[in-house]
Amino acid sequence: MSNEFKRDGSHLAYCPPVEKWEDWVELDPEAWPRRVEKHYDLVPTICFNCESACGLLAYVNKETGQVDKFEGNPMHPASRGRLCAKGPATINQIHDPDRVLYPMKRVGARGAGKWARTSWDEVLETFGSRIRKAILEERGEEVMYHVGRPGHDFIMDRTLQAWGIDGHNSHTNVCSSSARLGYLLWHYADRPSPDHANARFILLLSAHLESGHYFNPHAQRIIDGKMAGAKLAVMDPRLSNTASMADYWMPTYPGTEAAVLLAMAKVILDENRFDAAFVKNWTNWEDIEVDGFRAKGQSFEVMIETLKKHYAKFTPQFAEKESGVKAEIIVKTAREIASAGSRFASHLWRGSASGNLGGWQPARALMLLHVLTGSVGTEGGHNLNAWNKFVPKAFKVPPPQKRWNELLYPQEWPLCTHEMSFLLPHFLKEGRGRIEAYFTRVFNPVWTFPDGFSWIEMLRDEEKVGLHAALTPTWSETAWFADYVLPMGFSSERHDLMSMESYAGKWIGFRQPVTRVLRERAGEKFEYTYQTNPGEVWEEDEFWIDLSWKIDPDGAMGIRQYFESPYRPGEKLTVDDYYGWMFDNSVPGLPETAKKEGLTPLQYMRKYGAFEITRDVYKQNERPVAAADLADSRVESNGVVTKAGKPVGVMVDDKAVVGYNTPSRKLELFSKTMADWKWPEFTLPEYYRSHIHRSAQAASQGQEADDFDPKYTPVVEWPKDSRGDVYTLLPIFRLPNLIHTRSGNAKFLYEISHKNPLWVNPVDAKRLGGVRTGDLMKVHTEIGYFVLHAWVTEGLTPGVVACSHHLGRWRINKEDQVERMSSAWVDLREVGKGQWKMRQLESVTPYESADPETKRVWWSDAGVHQDITFPVHPDPVSGMHCWHQMVRVEKAGVDDRYGDIFVDTNLSFAVYQRWKALARPAPGPGGLRRPLWIPRVVRPEEAAFYIKKE
Ligand code: SF4
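These notes cover the structure that comes with them. (Residues numbered from 1 in each chain as written. Predicted model: local features only at pLDDT ≥ 70, side-chain atom pairs only at ≥ 80, totals over all residues. Heavy atoms only, no water.)

## Some remarks on the overall build of the chain
Alright, step 1. Scanning the chain from terminus to terminus reveals 29 helices and 36 strands.
Alright, step 2. Here the chain holds 950 residues, and 65% of them are scored as buried.
Alright, step 3. Excluding contacts between residues fewer than 6 apart, the proportion of contacts in the chain whose partners are at least 24 apart in sequence is 71%.
Alright, step 4. Computed over 117 positive and 124 negative side-chain charges, the separation of the two mean positions in the chain equals 1 Å. (Helix = DSSP H or I, 4+ residues; strand = E, 2+ residues; numbered from the N terminus. Buried < 20%, exposed > 50% of the residue type's maximum accessible area, 1.4 Å probe, protein only. Contact = heavy atoms within 4.5 Å. Lys, Arg positive; Asp, Glu negative; His and termini not counted. Charge placed at Lys NZ, Arg CZ, Asp CG, Glu CD.)

What follows is the structure, encoded as structure tokens:
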């Protein structure tokens, strides 16, 4: 079988061929040994269980009209017919007997867990009138949409801008903001798109192969690359499944990765194995000002000597001392990377970036290796997400909003790539604002964010949050504190347009409600998707369109015009209008390809579910500047080509090419932005010691701390009752088959993974007084503790303990809300002001439901919730929450029980204040809130970027 994607699907010979999708026949396994045929319609859609957006095929039983199973869509160019375990588990989610099927409204006090069914009309009326009033009263900032799992972003951005508000919040600052900042400082694009399949050396800074970002599409290509001879190195303190596949496992002490990467860069520089022509042509080396040296007017060679001196301290021996990785391995891998040259691929997204203070530096340092090897924009190298991800244009786009919401982008963190979402409870506590109407979208911050008890305190306070709707496909710990729980569809019950940077190519995929598609194909007509979904499960596209009409029923507010059909003026926009227009007008090659099959572009996408746009994606920086941009342009002294004062390209080898979207239009080895925004010590890629570095651990215990600088790192203040030895807790890995909140209603997945013990190295087990697997341990954080079992394993660096997130679900009601197969029934109480205790009353047991299999649940563990015991740690530069925790670990006492949790939110507020004090706030040059050239989600107009003088 060839891995090469072919548009006819023949690369996967065992997948049903497209011509048979309208009547695919299989034998019914339950009828065996009789040969009973089952007939299916196969309808493509897109998986919703992570951001990879793999292609699913829904097998719709022709007899019952029900989806019986999901398999991979061979016509999807990124996933190529293959799925991870979570894709097929969609079947559990849609048939979950405990799912929310109708809009629900609370009927008791907020958080009391009493609900009654309501109608979509009542929901639209209630929210429409509250939002309309807020907008008319110039209180637009009080309307907030907060997304957990992304999707339907296009229509959401449109909605918020049509309403004229700055109200988009996201989860990104607990996920990937640090890595994004590291990348965008180099080349504006905030994500890597490695060409693993064609690489000769692949370096992964996490468990990317098994569970990272876009991991199924990437994993396939990493294995393709390995099968073609590529070497794989993995930096991870854990012996993950990914590390077990590697040629080099480099178990770095958490947070020291940048030291190792800079040591590799030093080897490549010192041995003169770098691509001098690439560095000279494609970096802004002439801008460098460092260590009293100015490159302007100096030769390239002199600059290189200065770089060598600057990085001289990063000897492999220094890196070994910091990281624990042997110096000889660092040298060996550095040489292999140099030999791979332009075919060096890498990936960093979470891992060291999301765990550590200064987590944006590993991305900066990793990119330095790509720049030195000339592996940027190359076959087998590092490409930019913006080159491989397709963003279609929609019709009649609303103008950017005039407002700036400081609850989203406060002045303290001017370089944050995304909203400071995890600080929202603290911002409201500080009196920075309130929320009138709050939408959480597939978002469970009480459980997935740090400091969940501060979220509970915020959500239950009706002064702070006036009206809260949880738009969710499943019950969650956050939905419990909502006013409305609004059921939204899973992957086979909704529309979305997806495109990700999965490989060296560009594609789009179409998520669609399969039952509606089939019934409309048969000639039925529906106004709303909830008319064909289970119960009254809806989809957001139609919800936002209808809500916008409710806010502006006669069009007088100027909102309704953006939700009218581009084909039937004055009539309400439909999903067919919305996507049909994009497919007709803004997807290159799609109309022509569809026409060859006698289909409209929309029909083509409904039939195949995905479309590959191009594979011409390398070296996009070398494209010539368009003739229209060249007209009336000028070349500045630094070679940047400008038109009307805005950069449009750069001169390289006497040619005007588009370059990168940075101020210099080149890869920014030197970041003037960092200097301009008060971080002059970080203009070049550097190593920034993490908050869990050994020196910080020593400082937390009042010991003499070598190299500890409180200007960069807050000192941990332990709660008075905390005891035990100090460790670093690694809390950000996941078991590959779990999905944040949404695996809670996937019985196949929970049957496989339902425990999250504390990983302890045997050396530490001995140090802790002879800990054995199964012993009960108490882990103290800065704000409380949690209690769980130990798992003694050599698959972890000594000095570090680890616990998987994605487990530890809990519910307050014994019988309902949050699936019983995946949650513990708990006693949750506030025992003093801001002091919260949780104790498990009953863990998982078999139970009666509409699904007979829930009586066969054999596991009894729901795991332990650790995130709720973590304070917020906003990185002073990127704003990212730094997930790793300095903890004290001891054997549990006689009064401690498995799953016990205690948190003091007064302490968490104090930790927030200590971290906030490290930030260097706006204004920047010219009174700016943040650099104009750095992207911003749902970007306001330029005038809003300037801080208004009172
Ligand atoms: S990697 Fe797995 S969960 Fe993610 S989209 Fe693909 S099949 Fe779904």
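Text resumes after the structure shown.
## Points about helix α29 (residues 905–916)
Alright, step 1. Between its first and last C-alpha, α29 extends 16 Å over 12 residues, near the 16 Å set by a 1.5 Å rise per residue.
Alright, step 2. In this structure, the buried side of α29 is in contact with α16 (424–429), α18 (452–459), β34 (835–842) and β36 (901–904). (Expected span 1.5 Å × (residues − 1).)

## Concerning the packing of aromatic side chains
Alright, step 1. As enumerated under the stated definition, the model contains 51 aromatic pairs in all.
Alright, step 2. Measuring from ring centre to ring centre gives 5.6 Å for Tyr145 and Trp544, while their planes differ by 85 degrees; the resulting arrangement is edge-to-face. Placement of the pair is Tyr145 in strand β7 (residues 143–147) and Trp544 in helix α20 (residues 540–551), with a sequence separation of 399 residues.
Alright, step 3. Accessibility expressed as a relative area gives 3% for Tyr145, which makes it buried.
Alright, step 4. Geometrically, the ring pair formed by Phe909 and Tyr912 is tilted, given 5.7 Å between the ring centres and 40 degrees between the ring planes. With Phe909 and Tyr912 both in helix α29 and 3 residues apart, this pair spans about one turn of that helix.
Alright, step 5. Here a set of aromatic residues connected by ring pairs shows up, and it is made of Trp120, Phe127, Tyr145, Trp163, Phe439, Tyr484, Tyr528, Tyr530, Trp538, Phe543 and Trp544.
Alright, step 6. The ring of Phe395 carries Arg158 above its face, with NZ or CZ at 4.3 Å from the centroid. (Phe/Tyr/Trp six-rings, centres within 6.5 Å; stacked < 30°, edge-to-face > 60°. Lys NZ or Arg CZ within 6 Å of the ring centre and 35° of its normal.)

## Focus: the sheet that holds strand β1 (residues 24–27)
Alright, step 1. The 4 strands are arranged β1-β2-β3-β4 in an open sheet whose pairing can be described as antiparallel. Of all strands in the sheet, those with a lone pairing partner are β1 and β4 (67–72), marking the two edges. In this sheet, adjacent strand axes meet at a mean angle of 40 degrees when their direction is disregarded.
Alright, step 2. Here β1 pairs with strand β2 (residues 37–46) via 4 bridges, running antiparallel. By the bridge assignment, Leu27 is partnered in β2 with Glu37. (Pairing = 2+ DSSP bridges. Axes fitted to C-alpha atoms, helices over the stretch in contact; angles between N-to-C directions.)

## Description of the packing of helix α8 (residues 257–270) against helix α14 (residues 360–373)
Alright, step 1. For the pair α8 and α14, the least separation of the axes is 8 Å and the interaxial angle reads 20 degrees. Taken as axis vectors, α8 and α14 run roughly parallel relative to one another. Handedness of the crossing formed by α8 with α14: left-handed. The segment α8 lies against α14, with Ala258, Leu261, Leu262, Met264, Ala265, Ile268 and Leu269 engaging Gln361, Pro362, Ala365, Leu366, Leu368, Leu369, Leu372 and Thr373.
Alright, step 2. Its residues assigned to classes, the contact of α8 with α14 comprises 13 nonpolar, 2 polar and no charged. (Parallel < 35°, antiparallel > 145°, perpendicular 65-115°, else oblique. Left-handed = near helix turned anticlockwise from the far one by under 90°. Nonpolar A, V, L, I, M, F, W, Y, C, P; charged D, E, K, R; others polar.)

## Considering the nonpolar core
Alright, step 1. Ranked by size, the top nonpolar core spans 95 residues in total, and within it Leu424, Tyr438, Phe453, Leu758 and Trp810 carry the most contacts.
Alright, step 2. Looking at this core, the element that brings in the most residues is α18, giving 5 residues.
Alright, step 3. Excluding anything up to four places from it in sequence, Leu424 contacts Met144, His146, Asn169, Leu407, Ile435, Tyr438, Trp455 and Met458. (Core = buried A, V, L, I, M, F, W, Y, C linked by side-chain atoms within 4.5 Å.)

## Here we look at the site of the ligand
Alright, step 1. Taken together, the residues surrounding the ligand are Cys47, Asn49, Cys50, Ser52, Ala53, Cys54, Leu83, Cys84, Lys86, Gly87, Phe215 and Asn216.
Alright, step 2. Taken together, the residues that form the shell around the ligand break down as 7 nonpolar, 4 polar and 1 charged. (Near = heavy atom within 4 Å.)

## A closer look at unusual backbone geometry
Alright, step 1. Going from Trp32 to Pro33, the amide bond is cis rather than trans, its omega being 15 degrees.
Alright, step 2. Position of Pro33 among the secondary structure elements: in the loop between β1 and β2.
Alright, step 3. With omega at 10 degrees, the peptide bond leading from Ala922 into Pro923 counts as cis.
Alright, step 4. For Asp653, which is not glycine, the phi torsion reads 50 degrees and is therefore positive.

## Considerations on the pattern of salt bridges
Should their charged atoms come close, side chains of opposite charge can pair.
Alright, step 1. For the coordinates displayed, the defined rule picks out 74 salt bridges.
Alright, step 2. A salt bridge links Arg80 to Asp224, with the nearest nitrogen and oxygen atoms 3.1 Å apart. Here Arg80 is found in the loop between β4 and α1 (90–94), whereas its partner Asp224 is found in helix α6 (residues 215–227), with 144 residues between them in sequence.
Alright, step 3. Exposure remark for Arg80: the relative accessible area of 4% places this residue in the buried category. (Salt bridge = Lys/Arg side-chain N within 4 Å of Asp/Glu carboxyl O.)

## Thoughts on the pairing of strand β10 (residues 201–204)
Looking down a regular strand, the side chains alternate between one sheet face and the other.
Alright, step 1. The alternating pattern of β10 places Phe201 and Leu203 and Ile202 and Leu204 on opposite faces, both of which are buried.
Alright, step 2. Here 4 bridges tie β10 to strand β11 (residues 231–235), and the two strands are oriented parallel to one another. What sits directly across from Phe201, in β11, is Lys231.
Alright, step 3. Pairing between β10 and strand β15 (residues 344–347): 4 bridges, direction parallel. Across the sheet, residue Leu204 finds its bridge partner in β15, namely His347.

## Some remarks on the sheet that holds strand β18 (residues 465–472)
Strand-to-strand pairing in sheets goes through backbone hydrogen bonds, with the strands running parallel or antiparallel.
Alright, step 1. With respect to topology, 7 strands assemble into an open sheet ordered β6-β5-β19-β18-β17-β7-β8, the strand pairing being mixed. Each edge of the open sheet is held by one strand with a lone partner, namely β6 (115–117) and β8 (168–169).
Alright, step 2. Bridge count for β18 against strand β19 (residues 484–487) is 4 bridges, and the pairing is parallel. By the bridge assignment for β19, Leu471 is matched with Leu486.
Alright, step 3. Lying over the sheet, helix α2 (residues 120–136) contacts β5 (104–106), β7, β17 (435–441), β18 and β19, oriented at roughly 120 degrees with respect to β19.
Alright, step 4. Running at roughly 135 degrees to β17, α18 makes contact with β7, β17 and β18 of the sheet.

## Things to note about the environment of Lys38
Alright, step 1. Within the fold, Lys38 resides in strand β2.
Alright, step 2. Lys38 has contacts with Trp24, Val25, Glu26, Asp28, Asn61 and Asp68, leaving out every residue within four places of it along the chain.
Alright, step 3. Among the polar contacts listed, one links the side chain of Lys38 to the side chain of Asp68, at a separation of 3.3 Å. (Polar contact = N/O pair within 3.5 Å; in protein donor to acceptor, adjacent residues only side chain to side chain.)

## Describing the environment of Asp851
Alright, step 1. Following the sequence through the fold, Asp851 ends up in the loop between β34 and β35 (885–891).
Alright, step 2. Along the backbone, Asp851 and Asp98 are 753 residues apart, and their C-alpha atoms lie at a distance of 9.4 Å.
Alright, step 3. Separated by 2.6 Å, the side chains of Asp851 and Lys747 make a polar contact.

## Here we look at the packing of helix α21 (residues 575–585) against helix α23 (residues 601–608)
Alright, step 1. At a closest axis distance of 8 Å, the pairing of α21 and α23 adopts a crossing angle of 100 degrees. It follows from the interaxial angle that α21 and α23 lie roughly perpendicular. Side by side, α21 and α23 meet where Asp576, Tyr579, Gly580, Phe583 and Asp584 of the first sit next to Pro601, Leu602, Met605 and Arg606 of the second.
Alright, step 2. Classifying every residue of the contact of α21 with α23 by side-chain character gives 5 nonpolar, 1 polar and 3 charged.

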